[in-house]
Amino acid sequence: MTWSEMQPLLSQACWDTLYMVGWSTLIAVVGGLPLGVLLVLTDRGGLLQNLLANKVLGQVVNIARSMPFIILMVALMSFTRWVTGTTIGREAAIVPLAIGAIPFFARLVETAVREVDGGLVEAVQAMGGNTWTVVRKVLVPESLPSLISSATTTVVALIGYSAMAGTVGAGGLGDIAIRYGYQRFETQLMWITVAILAVVISVIQFAGDLAARSLHRRGGRSGPAPRLRLLKAGQPAAAEEPAAEEPAAAEVSKVA
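Residues numbered from 1 in each chain as written. Predicted model: local features only at pLDDT ≥ 70, side-chain atom pairs only at ≥ 80, totals over all residues. Heavy atoms only, no water.

1. What about the environment of Pro68?
Under the convention used in this document: A helix here means a DSSP run of H or I that spans at least four residues, while a strand means a run of E at least two residues long, and both kinds are numbered starting from the N terminus.
On the secondary structure map, Pro68 appears in the loop between helix H2 (51-66) and helix H3 (69-75). As for Pro68 and Tyr161, which are separated by 93 residues in sequence, their C-alpha atoms are 10.0 Å apart.

Here's what the structure looks like:
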């Protein structure tokens with residue numbers, strides 16, 4: 001197979017892979033972020049402590065994570081057909097990809113949120129903040145660098161899952177590698193596909209690491225900037241008046 005014949009196949013396969021991974025990542029973040037935070041809040045000592053709910057959620061997440069993706073695709077075929085009207089193609093692949101990624105990302109979110117300094121949570125509560133305020137002002141902002149790294153890890157995992165989805169007609173680079181590289185013995189095309197996947201993963205990993213480091217340098221987890229912003233945002237207006245009077249008091253004592 002010549003390059004002119006391979007190029008349109010690879011272009012369409014790359015677009016299909018990015019399409020599947022992009023939508024699956026979006027759904028995984030939307031579903032996994034609140035689930036991961038909820039696992040922390042309902043745990044022992046959490047703001048919404050409920051051990052029964054925590055154990056049920058934890059078991060559901062563990063079962064979903066332990067299932068091999070190829071088996072998950074087969075098990076969800078009826079559900080996929082009900083949602084998309086078909087079980088083949090890139091739209092159909094998004095359903096098992098997203099469902100498989102949600103518990104994966106939720107556990108990463110749980111780990112990231114647990115590392116947040118408890119002193120900040122207590123400070124917000126002391127200022128009258130409720131659970132939603134703690135989540136919005138402390139847990140998510142403070143764990144944002146780790147959440148970016150977790151999202152990057154999820155994207156990389158989804159690229160591998162999408163390649164497996166190609167074995168059942170989902171399209172993408174995995175489908176090209178199976179149909180042409182393996183079944184038609186186009187070894188050159190298969191290795192080009194592998195190289196493209198390696199480059200895409202490397203670029204995504206580099207971008208994710210760069211974003212996480214940038215956020216951390218700006219005052220990510222436990223940094224001084226978020227603490228200062230948090231305390232300034234929650235400080236009552238009346239509390240600022242003595243601070244404004246301090247220079248005047250100092251001048252009086254100096255004159256005396």
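2. Quick look at the pattern of salt bridges
When the charged atoms of two side chains with opposite charge come close together, those side chains can pair. The line we're drawing: We define a salt bridge as a contact between a side-chain nitrogen of Lys or Arg and a carboxyl oxygen of Asp or Glu at a distance within 4 Å. A 1.4 Å probe rolled over the protein chains alone gives each residue an accessible area, and that area as a share of the maximum for its type sets the label: buried under 20%, exposed over 50%, partly exposed in between.
A full pass over the atoms with the stated rule returns 5 salt bridges. Here Asp16 and Arg90 are joined by a salt bridge, their closest N and O atoms 3.1 Å apart. Here the residue Asp16 occupies a position in helix H1 (residues 3-41), and Arg90 occupies one in helix H5 (residues 90-114), the gap between them amounting to 74 residues. When its relative accessible area of 11% is taken as the criterion, Asp16 is described as buried. When the shortest N-O distance is used, the salt bridge between Arg107 and Glu110 registers 2.5 Å. Placement of both Arg107 and Glu110 in helix H5 is noted, with a separation of 3 residues, approximately one turn of the helix. Of the two residues examined, Arg107 and Glu110, each falls in the buried class.

3. Some remarks on the packing of aromatic side chains
Aromatic ring pairs are described here by two measures, namely the spacing of the ring centres and the angle between the planes. Note the cut-off: Each Phe, Tyr or Trp ring (for Trp, its six-membered ring) is paired with any other whose centre lies within 6.5 Å, and the angle between the two planes then decides the class: stacked below 30 degrees, edge-to-face above 60, tilted in between.
Evaluation of the coordinates by the stated rule reveals 3 aromatic pairs. Pairing Phe69 with Tyr161 gives two aromatic rings, centres 4.8 Å apart and planes at 5°, and the pair type is stacked. Taken together, the positions of Phe69 in helix H3 and Tyr161 in helix H8 (residues 144-165) put the pair 92 residues apart, joining distant regions of the chain. Relative accessible area serves as the criterion here: at 6%, Phe69 is assigned to the buried category. A relative accessible area of 23% places Tyr161 in the partly exposed class. For the ring pair Phe79 and Trp82, a centre distance of 5.9 Å and an interplane angle of 35° mean the geometry is tilted. With a gap of 3 residues between them, Phe79 and Trp82 both fall in helix H4 (residues 77-84), about one helical turn apart.

4. Quick notes on the packing of H8 against helix H10 (residues 187-217)
Our working rule: Between N-to-C directions, angles span 0 to 180 degrees; the directions come from axes that are lines fitted to C-alpha atoms, helices contributing only their stretch in contact. Each angle gets one of four labels, with under 35 degrees taken as roughly parallel, over 145 as roughly antiparallel, 65 to 115 as roughly perpendicular, and the rest as oblique. Should any heavy atoms of two residues lie within 4.5 Å, those residues are counted as being in contact. For this classification, the nonpolar set comprises Ala, Val, Leu, Ile, Met, Phe, Trp, Tyr, Cys and Pro, the charged set comprises Asp, Glu, Lys and Arg, and every other residue, Gly included, is treated as polar.
Here H8 crosses H10 at 175°, and the two axes come no closer than 8 Å. In this view, H8 runs roughly antiparallel relative to H10, as classed from their interaxial angle. Judged by residue contacts, Leu144, Pro145, Ile148, Ser149, Thr152, Val155, Val156 and Ile159 of H8 engage Leu197, Val200, Ile201, Ile204, Gln205, Gly208, Ala211, Ala212, Leu215 and His216 from H10. Class assignment for the residues of the contact of H8 with H10 results in 13 nonpolar, 5 polar and no charged.

5. Some remarks on H10
The condition is simple: Expected span, for any helix, means 1.5 Å times one less than how many residues it has.
The first and last C-alpha atoms of H10 sit 45 Å apart over 31 residues, in line with the 45 Å expected at 1.5 Å per residue. Turning to H10, its buried residues are Leu189, Thr193, Leu197, Gly208 and Ala212. Those residues of H10 that are buried are in contact with H1, H8 and helix H9 (173-182).

6. Side note on the environment of Glu186
Here Glu186 shows up in the loop between H9 and H10. For Glu186, a relative accessible area of 22% puts it in the partly exposed group. Counting along the chain gives 10 residues from Glu186 to Ile176, while the straight-line C-alpha distance between them is 10.0 Å.

7. Points about a nonpolar patch on the surface
Stated precisely, the cut-off is as follows: Surface patches are defined over residues having more than 30% relative accessible area and no salt bridge, joining like charges when they lie within 9 Å and nonpolar side chains (Val, Leu, Ile, Met, Phe, Trp, Tyr) when within 5 Å. Only the protein chains shown count as cover for residues, and the accessible areas themselves come from Shrake-Rupley with a 1.4 Å probe.
Taken together, the side chains of Ile63, Met67, Ile70, Ile71 and Val168 make up a nonpolar region of the molecular surface, amounting to roughly 390 Å² of accessible area. Along the chain, the position of Val168 falls in the loop between H8 and H9.

8. What about the confidence of the model for the protein?
Where we set the bar: Summary of the metric used: pLDDT quantifies the predictor's per-residue confidence within the range 0 to 100.
Predicted confidence across the protein gives a mean pLDDT of 81, with 85% of residues reaching 70 or more. Summarising per-element confidence for the protein, the mean pLDDT is lowest in helix H12 (residues 240-255) (41) and highest in H5 (92). Contacts for the low-pLDDT stretch residues 220-256, under 50 throughout, to residues beyond four places or in other chains number 30 contacts.

9. Concerning the nonpolar core
The line we're drawing: Nonpolar core, defined: a set of buried Ala, Val, Leu, Ile, Met, Phe, Trp, Tyr and Cys residues in which side-chain atoms within 4.5 Å join the residues together.
Membership of the largest hydrophobic core comes to 24 residues, with the highest contact counts inside it found for Met20, Phe69, Ala93, Leu97, Ala165, Ile176 and Leu189. Among the secondary structure elements, those contributing two or more residues to this core are H1, H3, H5, H8, H9 and H10. When residues in this core are grouped by element, the largest group, 6 residues, is from H1. Ala93 has contacts with Met20, Ala165 and Ala170, leaving out every residue within four places of it along the chain. Listed in part, the 16 residues of the second largest apolar core include Val37, Ala112, Val121 and Val135.

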